[in-house]
Amino acid sequence: MDSFTKKLLSFLDGSPSSYHAVENVKNILEEAGYTRLLEGEKWAIQPGGKYFVMRNQSALLAFRVPAGSFSGFMLSASHSDRPTFRIKERTKLDTPGDYTRIAVERYGGMLMSTWLDRPLSVAGRVLINADGRVESRLVALSKDLLLIPNVAIHMNRSANDNMSYNPAVDLLPILGGADCKDDLMEQVAESAGVQKEDILSADLYLYNRQKATVWGSREEYVSAQGLDDLQCAFATLEGFLQAEEGQSAPVYCLFDNEEVGSCTRQGADSAFLKDTLSRVCEALGMDLRQAMAQSMLVSADNAHAQHPNHPEYADVGNRPQMNGGIVIKHSANQRYATDGLSEAVFRMACQKADVPVQDFYNRADLPGGSTLGNISISQLAVSTVDIGLPQLAMHSSYETAGVKDGGYLVRAMAAFFAMSCQELA
Ligand code: CO
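Predicted, not measured: the structure shown is a model, and the values here were computed from it.

Focus: the packing of helix α1 (residues 3-13) against helix α4 (residues 227-242)
So, point 1. Orientation of α1 relative to α4, taken along the N-to-C sense of each, is 130 degrees, at an axis distance of 10 Å. The pairing of α1 with α4 is recorded here as oblique in orientation. Handedness of the crossing formed by α1 with α4: right-handed. Residues F4, K7, L8, F11 and L12 of α1 touch α4, and the partners they reach there are L227, L230, Q231, F234, A235 and E238.

Thoughts on the coordination of the cobalt ion
So, point 1. Surrounding the cobalt ion are the protein donor atoms H79 (NE2), D228 (OD), D301 (OD) and D301 (OD), at 1.9 to 2.8 Å.
So, point 2. Sequence spacing of the donor residues for the cobalt ion, all on one chain, is H-x148-D-x72-D. Of this pair, D228 sits in helix α4 while D301 sits in the loop between β15 (296-300) and β16 (303-304), and the two are 73 residues apart along the sequence.
So, point 3. Classification of D228 by relative accessible area gives buried; the value is 2%.
So, point 4. For D301, a relative accessible area of 4% translates into the label buried.

Side note on helix α7 (residues 340-353)
So, point 1. With 14 residues, α7 should reach 20 Å at 1.5 Å per residue; the first-to-last C-alpha distance of 20 Å fits that figure.
So, point 2. Of all the positions in α7, only S342, E343, V345, F346, A349, C350 and A353 are classed as buried. Along the axis of α7, the buried residues cluster in a sector spanning 165 degrees; they form a single face. Those residues of α7 that are exposed and angled more than 90 degrees off the buried face are G340, Q351 and K352.

A closer look at the sheet that holds strand β14 (residues 249-255)
So, point 1. Read from one edge to the other, the open sheet built from 9 strands follows the order β1-β2-β3-β14-β4-β15-β19-β17-β18, with strand pairing classed as mixed. Two strands lie at the open edges of the sheet, namely β1 (35-37) and β18 (357-361), each paired on one side alone. Between one strand and the next, the sheet's axes are offset by a mean angle of 25 degrees, whatever the strand orientation.
So, point 2. Where strand β3 (residues 59-64) lies against β14, 4 bridges are found, and the strand directions are antiparallel. In the strand pairing of β14, A62 is matched with Y252.

Brief notes about the packing of α7 against helix α9 (residues 403-417)
So, point 1. Following both chains from N to C, one finds α7 and α9 inclined at 115 degrees, their axes separated by 8 Å at the closest point. Judged by the twist between their axes, the crossing of α7 over α9 is right-handed. Across from V345, F346, A349, C350, K352 and A353 in α7, the residues of α9 making contact are R411, A412, M413, A415 and F416.
So, point 2. Of the residues belonging to the contact of α7 with α9, the class tally is 9 nonpolar, no polar and 2 charged.

Quick notes on the state of the cysteines
So, point 1. This model, assessed by the stated rule, comprises 0 disulfides.
So, point 2. Counting only cysteine sulfurs, C253 is the nearest neighbor of C281, a cysteine outside any disulfide, at a range of 14 Å.
So, point 3. The thiol of C421 is unpaired, and the distance to the nearest cysteine sulfur, on C350, comes to 15 Å.

Considerations on unusual backbone geometry
With the exception of glycine, most residues fall at negative phi, and the peptide bonds are largely trans.
So, point 1. Cis rather than trans, the peptide bond between D228 and D229 has omega equal to 20 degrees.
So, point 2. Counting through the fold element by element, D229 comes out in helix α4.

Regarding the sheet that holds strand β13 (residues 221-224)
So, point 1. Taken in spatial order, the 5 strands of this open sheet run β12-β13-β21-β20-β16, and their pairing is mixed. Among the strands making up the open sheet, the edge pair consists of β12 (213-215) and β16.
So, point 2. Pairing of strand β20 (residues 390-392) with strand β21 (residues 399-402) involves 2 bridges; the strand directions are antiparallel. Within β21, the residue paired with Q391 across the bridge is A401.
So, point 3. Running at roughly 65 degrees to β21, α9 makes contact with β12, β13, β20 and β21 of the sheet.

Overview of the nonpolar core
So, point 1. L29, L60, Y252, I326, F346, I387 and F416 are the most contacted members of the largest nonpolar core, which has 56 residues in total.
So, point 2. For this core, the element with the most residues is α9, which contributes 9 residues.
So, point 3. With sequence-adjacent residues up to four places away left out, F346 is seen in contact with M296, V298, I326, I328, V385, I387 and M413.
So, point 4. Residues V139, I148, L172 and V194 belong to the second largest nonpolar core, which totals 32 residues.

Describing helix α3 (residues 183-192)
So, point 1. Buried residues of α3: L184, M185, V188, A189 and A192, and no others. Angularly, the buried residues of α3 cover 130 degrees about the axis, an arc narrow enough to put them on a single face.
So, point 2. Check the buried side of α3 and you find it contacts β5 (84-87), β8 (120-130), β9 (133-140), β10 (174-176) and β11 (199-208).
So, point 3. Within two residues after α3, G193 carries a phi angle of roughly 70 degrees, on the positive side.

Overview of the pairing of β18
So, point 1. By the alternation rule, side chains of β18 split into Q358 and F360, which are all buried, and V357, D359 and Y361, of which none is buried.
So, point 2. Relative to β18, strand β17 (residues 326-330) runs parallel, the two being bridged by 5 bridges. Within β18, the position partnered with V327 by the bridge is Q358.
So, point 3. In this fold, the crossover linking β17 to β18 by way of α7 has right-handed handedness.

What counts and what doesn't
- Residues numbered from 1 in each chain as written.
- Predicted model: local features only at pLDDT ≥ 70, side-chain atom pairs only at ≥ 80, totals over all residues.
- Heavy atoms only, no water.
- Axes fitted to C-alpha atoms, helices over the stretch in contact; angles between N-to-C directions.
- Helix = DSSP H or I, 4+ residues; strand = E, 2+ residues; numbered from the N terminus.
- Parallel < 35°, antiparallel > 145°, perpendicular 65-115°, else oblique.
- Left-handed = near helix turned anticlockwise from the far one by under 90°.
- Contact = heavy atoms within 4.5 Å.
- Donors = N, O, S within 2.8 Å, 3.2 Å for Na, K, Ca; no water.
- Buried < 20%, exposed > 50% of the residue type's maximum accessible area, 1.4 Å probe, protein only.
- Expected span 1.5 Å × (residues − 1).
- Arc of directions from axis to C-beta.
- Pairing = 2+ DSSP bridges.
- Nonpolar A, V, L, I, M, F, W, Y, C, P; charged D, E, K, R; others polar.
- Disulfide = S-S within 2.5 Å.
- Core = buried A, V, L, I, M, F, W, Y, C linked by side-chain atoms within 4.5 Å.
- Right-handed = clockwise from strand over helix to strand, strands pointing away.

Laid out in C-alpha cells, this is it:
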C-alpha cells in the first residue's frame with residue numbers, strides 16, 4: 001500500500017464525525033507549523049505566515065501568506081460531513097419487548113438499507129458545564145454498541161422487491177435489553193471523561209463500525225464510510241501542504257453541512273470564507289474584490305464512477321472509471337460551477353502534475369446532485385471548477401473509490417496551489 005493510502009485509511013477511521021475530521025486536520029496543520037487564529041480575537045497576519053481558523057469545531061480554513069507580494073488566492077473546498085443519523089439524546093422510546101431503542105433522525109440523504117444489520121456506534125461532541133463555562137468535548141464510543149435489525153424474509157416476503165424504509169419505524173437502533181435505558185449518555189459521559197450531570201447538550205451521530213479497507217484482486221479499491229467527502233478533504237490537504245510557494249496565497253477550505261444544503265454558520269453558504277479573506281486582505285492592505293478577480297476555487301466533492309451492474313446510469317460517452325483520474329463535473333444549467341475558463345486552469349494544473357482527467361456529465365434525463373461550488377460563489381465571486389474522485393455507492397454507510405485517484409488529487413492540487421490566476425483579458 002502506498003504511503004498516501006495508508007495515511008488516508010487512518011484519517012478515515014479516526015474521523016467518525018465532522019468534528020473529528022476537523023480535529024484531525026487541525027492536528028496535522030499544527031504539526032506542520034500553522035498558527036490557529038480565533039475569530040473572536042484581533043489577527044496579526046504576517047507575510048510568510050501560515051494560519052488556520054475554525055468555526056463550530058466542524059469547519060476549518062487554512063491559508064499561507066506568501067513572503068513576497070501576491071495578487072490573489074488559489075482555493076480548494078471540500079466538506080467534513082456525511083449522511084448519517086443524529087441522535088435525539090433526550091428522547092425516551094417506549095419499546096415493546098425486552099429492548100431499549102434509541103431515537104434518531106436522518107441527517108442528509110442516505111441509502112437507508114446500508115445502515116441495517118451491522119454494528120454501529122456513536123460519535124460527535126458533548127457540551128458541558130465546566131464551572132460556569134460552556135466547554136466542548138469530542139466523543140467517539142469505540143465499541144460495537146448499536147444495531148438496526150432487518151425484518152426476516154419469512155415475515156416480509158416482498159423485502160427483495162419494493163422495500164421502502166420509514167425512518168420513524170424501520171431505522172431505530174437497538175441499544176440493548178429493557179434495563180439499559182440510561183446507558184447511552186452514561187457511556188458517552190464516561191468516554192468524554194466528564195460527569196453525566198455536567199452534560200448540557202450534545203451533537204451525536206451514528207457511525208458505521210466497519211473499518212476502512214483496501215481490497216480487490218490487485219488492491220484496486222478503497223472502501224470506508226465518509227469517502228464522500230473525506231477522500232477529497234484529505235487529498236486536497238496533502239496537496240495544500242506539499243505545494244511550493246507561488247505568486248498566490250493558497251487557501252484550504254473544509255466546510256460542514258454540505259449534505260443538508262450548506263446554509264449554516266459553518267457551511268459553504270455562510271460568510272465564513274468571505275469573513276476570513278476580508279480580514280486577511282485588511283491585514284495586508286489589499287482589496288478583496290481585486291484579489292477575487294485574480295483567484296480561483298477548486299470545489300472537490302466526490303463524483304460517480306460508472307456502476308458495474310448498472311452502467312446505464314452513466315451518460316453515453318462519459319463514464320468515469322475508478323483509478324482513471326480526477327473527474328471534472330460539467331452541467332449546462334450550472335448545477336456545477338465549472339466553465340471553460342475554470343476548467344482550463346484546472347486542466348493546466350493536471351498537465352503540470354501529469355495526472356489523468358475524466359469528465360462527468362449527468363445523463364441528459366437525470367437531474368444529478370449538487371455540490372459546494374455554486375454555493376460558495378453565492379457568497380464570494382470567484383471562478384470555480386467542480387471536480388471529484390470517482391466512487392461507487394455514494395451516500396451508502398460504506399462507500400468505494402479507487403486507490404490511485406487520491407494520489408492523483410494530491411499531485412494536481414500541489415500544482416494548482418503553486419499557480420496564479422489572472423483576470424481574463
Ligand atoms: Co459530497
